[in-house]
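Chain by chain, the residues:
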Amino acid sequence: MTTAKLHDGSTIETEVHGSGPVLLLAVNPKPIEGEAAEEMRKWGADPALGRSLIDGLSDGFRVVAFDYEGHVLAHPKPDTLTPDNVAADMLSVADAVGADRFAYYGYSWLALSGLQLALRTDRLSALVMGGYPPLGGPYAEMLKVTEATYRMAVEPKSATPPATGTGEPGDWSSTEVTLSEGQARQFATLYRALRGFDDGQVRLSCPRLCFVGSADEIVYDERWGGTHVSIAGPVLRERAAIEALGWDVEVLDGLDHAGAMQAANVLPILRPWLEKALFLPA
């Protein structure tokens, strides 16, 4: 166990497993148990996702696992969760384990964070973005969603709140915002800082992979402004352009946002790609 100091003075624990090229893995290394685990399963999530990824990679790589999402929920950064600070935090994790060069894998907003990291350092040996397009990303839509979430977090709750976790996976209309003001505001802060970001101008040199589920389309109801966050759409439409920019692209047929992050679907793509990218012949 190693501890890294983050931009706001808080610390985050990392778990290091295996040997070989360093891979920063932005996942929770500890399986979630009890009622929280059951609730995750209802929504198609794997409470042991991080552990499954670690077990599937640590015999070939030095895996540095750190639960950044869990950390920011436990220690909110309402005014400072910006792309610059997120990238600095990732570099602090790498520094804490003595990794001058490292690959990075993140999913969803942690994939977006990896792209921002790549723009701010020359230390990346490879970048993998899962569940977020590297070109044509839904930044404006996610700003609307996070702003709406923040508004709901600070508004008085209704006397009869909507049910929590009773819908099908992806049925956001059946969920209740349970984030605190600080937790919600930090994600609005992140997307506010990305307002005007043009991913079409990004040029990277390290090996890079993006993957999405072909059914990764999230539609929020009127509480979130009826916003449609399209993850698969930009990749399906712009695949040729993304590949022309040097990305390898994988589309997981029929999978939604939760399905495409599962270890059973990720590892068959991630591991051989990393082996190819990081074990190039001399």
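Up top is the structure these notes are about.
The present account deals with the structure reproduced in this document. These numbers come from a predicted model, not from an experiment.

### Quick look at helix H7 (residues 181-193)
Then step 1. For H7, built from 13 residues, the straight-helix expectation of 18 Å at 1.5 Å per residue is met to within 8% by its first-to-last C-alpha distance of 18 Å.
Then step 2. H7 sits mainly inside the fold: 10 of its 13 residues count as buried.
Then step 3. Turning to H7, the residues buried within the fold contact helix H3 (68-74), helix H4 (83-96), helix H5 (109-118) and helix H6 (139-154).

### What about the sheet that holds strand E3 (residues 22-25)?
Then step 1. Taken in spatial order, the eight strands make up an open sheet running E1-E2-E4-E3-E5-E6-E7-E10, and their pairing is mixed. Of all strands in the sheet, those with a lone pairing partner are strand E1 (2-5) and strand E10 (247-252), marking the two edges. Each adjacent strand pair in this sheet contributes to an overall mean axis angle of 20°, direction not counted.
Then step 2. This element, helix H2 (residues 49-57), spans strand E2 (11-17), E3, strand E4 (62-65) and strand E5 (102-107) of the sheet and lies at about 170° to E3.
Then step 3. Sitting on the sheet, helix H9 (residues 263-278) is in contact with E3, E5, strand E6 (124-130), strand E7 (208-213) and E10, with an inclination near 160° to E6.

### Examining the packing of aromatic side chains
Centre distance and the angle of the planes are the two values used to describe a pair of aromatic rings.
Then step 1. Scanning all chains against the criterion turns up eight aromatic pairs.
Then step 2. Judged by centre distance (5.5 Å) and plane angle (65°), the rings of tyrosine 132 and tyrosine 139 are edge-to-face. Each member of the pair, tyrosine 132 as well as tyrosine 139, is classed as buried.
Then step 3. Here the aromatic rings of tyrosine 220 and tryptophan 224 are separated by 5.6 Å at their centres, their planes lie at 50°, and the arrangement is tilted.
Then step 4. For tryptophan 224, a relative accessible area of 5% corresponds to the buried category.
Then step 5. Grouping aromatic residues by their ring pairs yields a cluster made of Tyr68, Trp109 and Phe187.
Then step 6. Here arginine 208 stacks its cationic end above the ring of tryptophan 247, 5.8 Å away from the centre of that ring.

### Some details on the layout of surface pockets
Then step 1. There is about 220 Å³ of room inside the second largest pocket.
Then step 2. Lining the second largest pocket are 14 residues; nearest its centre among them are Ile12, Glu13, Asp67, Gly70 and His71.
Then step 3. Among the elements of the structure, E2 and H3 are those that each provide at least two residues to the lining of the second largest pocket.
Then step 4. Sort the elements by how many residues they give to the lining of the second largest pocket and E2 lands first, with five residues.
Then step 5. Within the lining of the second largest pocket, the residues separate by chemical class into four nonpolar, six polar and four charged.

Rules behind the numbers
Residues numbered from 1 in each chain as written. Predicted model: local features only at pLDDT ≥ 70, side-chain atom pairs only at ≥ 80, totals over all residues. Heavy atoms only, no water. Helix = DSSP H or I, 4+ residues; strand = E, 2+ residues; numbered from the N terminus. Expected span 1.5 Å × (residues − 1). Buried < 20%, exposed > 50% of the residue type's maximum accessible area, 1.4 Å probe, protein only. Contact = heavy atoms within 4.5 Å. Pairing = 2+ DSSP bridges. Axes fitted to C-alpha atoms, helices over the stretch in contact; angles between N-to-C directions. Phe/Tyr/Trp six-rings, centres within 6.5 Å; stacked < 30°, edge-to-face > 60°. Lys NZ or Arg CZ within 6 Å of the ring centre and 35° of its normal. 1 Å grid on protein atoms, 1.4 Å probe; cavity = no way out; pocket = protein on both sides within 12 Å on 5 of 7 lines; lining within 4 Å. Points joined across faces, edges and corners; volume = space filled by probe spheres on them. Nonpolar A, V, L, I, M, F, W, Y, C, P; charged D, E, K, R; others polar.

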